Each structure stands twice: as structure tokens, then as C-alpha cells.
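Residues per chain, in single letters:
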Amino acid sequence: MIDKPQHAEMRQFAILDGNLQVAGIPLPRLAAQIGRTPFYAYDRGLLTQRIAQLRAILPHSVKLHYAIKANPMPAVVGHLAKLVDGLDVASGAELTMALNTGVAAREISFAGPGKQHAELRQALAAGVLINVESLREIRELAPLSAELGLPARVAVRVNPGFELKLSGMKMGGGPKQFGIDAECVPDALAEIGHLGLAFEGFHIFSGSQNLRPEAICDAQNKALALACELAAFAPSPVRVLNLGGGFGIPYFPGDQALDLAPIGANLQTLASVAQARLPQAELTLELGRYLVGEAGIYVCRVVDIKISRGQTFIVVDGGLHHHLAASGNFGQIIRKNYPVLIGNRADQTGPLASVVGPLCTPLDLLADNLPLGHAQPGDFVVVLQSGAYGPSASPQRFLSHPECAEVLVGLARA
Ligand SMILES: *Cc1c(COP(=O)(O)O)cnc(C)c1O
């Protein structure tokens, strides 16, 4: 038995009479309203609150964008679109989704290492900022600009020589498929100028899921220094400097929530340095996970309890096909348990048990030996911290079980 459950630190969802509450609705009632399990539920109020927490520490001049790929549910994107300064997309379909929210094209940017010709054409026609990641993209945009009669708005995504230290997923430093290597950027800038594309700035993003403020500040400082160096080669003044995302959320025992205060203070300094050295530049953060991750839960129902040679297995109707990350197969090096509880017995603990899904693979494991052994068939197993990289980052078709439902809960107007 573990005396303190792992989710004890994660209090964003209240517990009343043993039931987890989502926007004030007890879980069994919410499940009845949805009419089926498994489902993801996102709390609108928590999304709003998270943006407010960030706004409180960010200098007014720093723009906050949402990276749609973290959670592309249209209702979530629609809600966040009203609260952030812009949206970042990573495919033609996400671009359509971003435009559907009514956010202006000038506030939308498009990144991704393999943009196809049709996507570049779509983005150019829409008038969004294209974060170019190769010479091929730059060269394809020139005839498209001529065809459509408007110069492509481009920012150069730079693969810096540094990386975000101790980041969950590295996206910069060393050889990478993302962006253009910093040392090749001067040539790319010359080409952009020569082809007459509308150069707007740089996108320098070096990692994801980082819980260390010093590392994030360090990467942001280096990104600004690099942008200042590269600006000397640019065909026109830098107007946007996108510092990327990378803000992490706690998932595992021992993880500490990210302390925003030092990041805010550092950004204040960076904003004044940028003001002096790149006077026309606007600093932007584009966050995915940090905006949505803690506002969502994944819920499935217990279908069977099996004891195999002394070990208890709680078998549920959901699993890795809906929530790959909780199974430990989305970027983790060593499998660790996400915070999991029995959502209708949240005030109890029991003997150790593992939660497994219906798939015919031992990888379909949602919790490994957590104190959940009091669960009964019909109970709700809840995975916290599930608002980011959930269903859209999971192999829903694997074994052809039904897809999960998704709901955004809570009033839009109080
Ligand atoms: C994935 C991604 C993000 C968001 O990353 P998080 O770690 O979820 O904040 C931001 N920008 C780009 C270009 C991305 O690909």
C-alpha cells in the first residue's frame, strides 16, 4: 500500500462524496450525460484559468499562441481561440480548423517539417505566416506567390545549435528534421530576399515538456541571441520572434509544477533586449501541452477484475488506442504511471492493482501496480493530466474498438 496517492498533488478536479467533479458535475452523472465510455472530458473553466495564470506573468508585449496539435477538439480550439493571441497549426487540416475559429490569418502560423505543395498553397492563399523549414519550401513558395499574386509571408524556423536541457522531447540541437540548421540560415535568408518572399522573422523552438524554469529561460535567452545574430542577414527587419513552447506539466511522482515566476521575469528582460536590438519584433510563445494538459481527464469503465497468480488486473473498456501516452508509449524512455484513480471512489485507496485495456498486447497498460484494488466492475477509472496529446495522438483504429467520445464541460457564460 502507498499511503499518499500519486494524484494527491493534482487538485484541479474537486472530489465530493468520493466522486470526481468536472465543472461541478459528479463523474457518474457526467458519464450518464455522455451516454457511453470511454471518453475524454475537458474543463472549460480550467482552460480559462490557465490562460489567466500565464497572462499574469507574461509581459503585455509577449504574444501567446496555442499550438493546435496538443488538442485539436474543435470546441477546445474554439474556446482557446477567444483567449489567446493566435494559433499555430501543423497541417492543412489544422489550418482549416484555425480559420474556422475566426482568428485572423495574420495571427496564424504554420510549422512542420514536411509541408506539402498543396498545404503551402493553402497557407499562402489564406495569408498565414509560414514557418519555412527547408530550401525546398522556400523555392516552392516563389511560383505559388506569383500564381496567387501575393508574396508568401515567411518566418525561418531555425534548428539552433543548442537544445532545451532535460526536455521530454528534443526538437533542436544536433541533426534534426525540424527547421533549417542555424549555420545555413544566412543562405536561406538570401534566397528569401532574392525570390521576393515577405520575410517576417524567426521561429526557434527547442523542446517540449520541460519542468525546469532555468532551462526554459536559458533556451529563450539563447534563441533571442541567435535571432539577433541572424537578423544581420535578413532581407528586412525581424517582426516576429517565435520562442516556441516547451512548458511542461507534472505527470509523475516527484514532478514539480512549473514555476512561472522566473520565466515571466526573464521574459521581461528579453522583451526589453528585443526592444533595443530588434525594435520591430514581437515576441511570441506557442504553447500546446501547458494550456490544455491539466484541464482534461480520460475516463473508462471497469469491465472485469482478474486475479492472475496473486496479481490483480482491473480490465477496462479503454486503453492505449485512446491514450497512448498513458500507456507509456508516446515518447517516454522508461514507463511511468500517469496519475490514475477510481473516479467514483476517489476518497478510498485499496491494495495494488494494474489497469489494463481490452487490446491483445501487454503494452495496453494504463496503470502498473497502483493502490486501486478496491475497484468494482462498473466503476470509472480516471487518468488525470490527459488534456494534451490524447485521442489525436493515439492509434484509435488499432484492434477496431469504438472511438472515444470527447466533451468540453462547463459554461461559456457564467
Ligand atoms: C508541438 C509544437 C508546439 C507545442 O509544443 P508543447 O510542448 O505541447 O508546448 C509548439 N510549436 C510547434 C512548432 C510544435 O510542433
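The structure we're discussing is the one just above.
Heads up: these notes are all about the structure in this document.

Conventions and cut-offs
- Residues numbered from 1 in each chain as written.
- Predicted model: local features only at pLDDT ≥ 70, side-chain atom pairs only at ≥ 80, totals over all residues.
- Heavy atoms only, no water.
- Axes fitted to C-alpha atoms, helices over the stretch in contact; angles between N-to-C directions.
- Helix = DSSP H or I, 4+ residues; strand = E, 2+ residues; numbered from the N terminus.
- Left-handed = near helix turned anticlockwise from the far one by under 90°.
- Contact = heavy atoms within 4.5 Å.
- Nonpolar A, V, L, I, M, F, W, Y, C, P; charged D, E, K, R; others polar.
- Salt bridge = Lys/Arg side-chain N within 4 Å of Asp/Glu carboxyl O.
- Buried < 20%, exposed > 50% of the residue type's maximum accessible area, 1.4 Å probe, protein only.
- Core = buried A, V, L, I, M, F, W, Y, C linked by side-chain atoms within 4.5 Å.
- Domains from an automatic or database assignment.
- Pairing = 2+ DSSP bridges.

**Concerning the packing of helix H2 (residues 44-57) against helix H3 (residues 74-81)**
Then, number 1: The N-to-C vectors of H2 and H3 enclose an angle of 35 degrees; their axes lie 10 Å apart at closest approach. Seen from above, H2 lies across H3 with right-handed handedness. On H3, the residues touching Arg 44, Leu 47, Thr 48 and Ile 51 of H2 are Val 76, His 79 and Leu 80.
Then, number 2: Here the contact of H2 with H3 is composed, by residue class, of four nonpolar, two polar and one charged.

**Quick notes on the pattern of salt bridges**
Then, number 1: Evaluation of the coordinates by the stated rule reveals 14 salt bridges.
Then, number 2: Residues Glu 294 and Arg 50 are paired through a salt bridge, measuring 3.0 Å at the closest nitrogen-oxygen approach. Taken together, the residues span a long stretch of sequence, with Glu 294 in the loop between helix H10 (289-292) and strand S16 (296-308) and Arg 50 in helix H2 at a distance of 244 residues. By the burial criterion, Glu 294 is buried, and Arg 50 matches it.

**Some thoughts on the nonpolar core**
Then, number 1: Among the nonpolar cores identified, the biggest contains 129 residues, and Tyr 66, Val 156, Phe 202, Phe 247 and Ile 297 are the most heavily contacted of them.
Then, number 2: If one sorts the elements of this core by residue count, helix H8 (residues 213-231) sits on top with nine residues.
Then, number 3: Here this core spans two domains, since at least three of its residues come from each of domain 1 (15-43 + 294-409) and domain 2 (72-287).
Then, number 4: When neighbours within four sequence positions are excluded, Ile 297 is seen to be in contact with Phe 13, Leu 20, Val 22, Leu 27, Phe 39, Tyr 40, Ala 41, Val 382, Val 383, Leu 384 and Ser 386.

**A closer look at the sheet that holds strand S1 (residues 15-16)**
Then, number 1: Here three strands make up an open sheet; going across it, the order is S1-S2-S3 and the pairing antiparallel. The open sheet terminates on both sides in strands that have one partner only, identified here as S1 and strand S3 (25-26).
Then, number 2: Across two bridges, the pairing between S1 and strand S2 (residues 19-22) is antiparallel. Among the inter-strand pairings, Leu 16 is bridged to a residue of S2, identified as Asn 19.

Distances and angles like these do not, on their own, reveal function.
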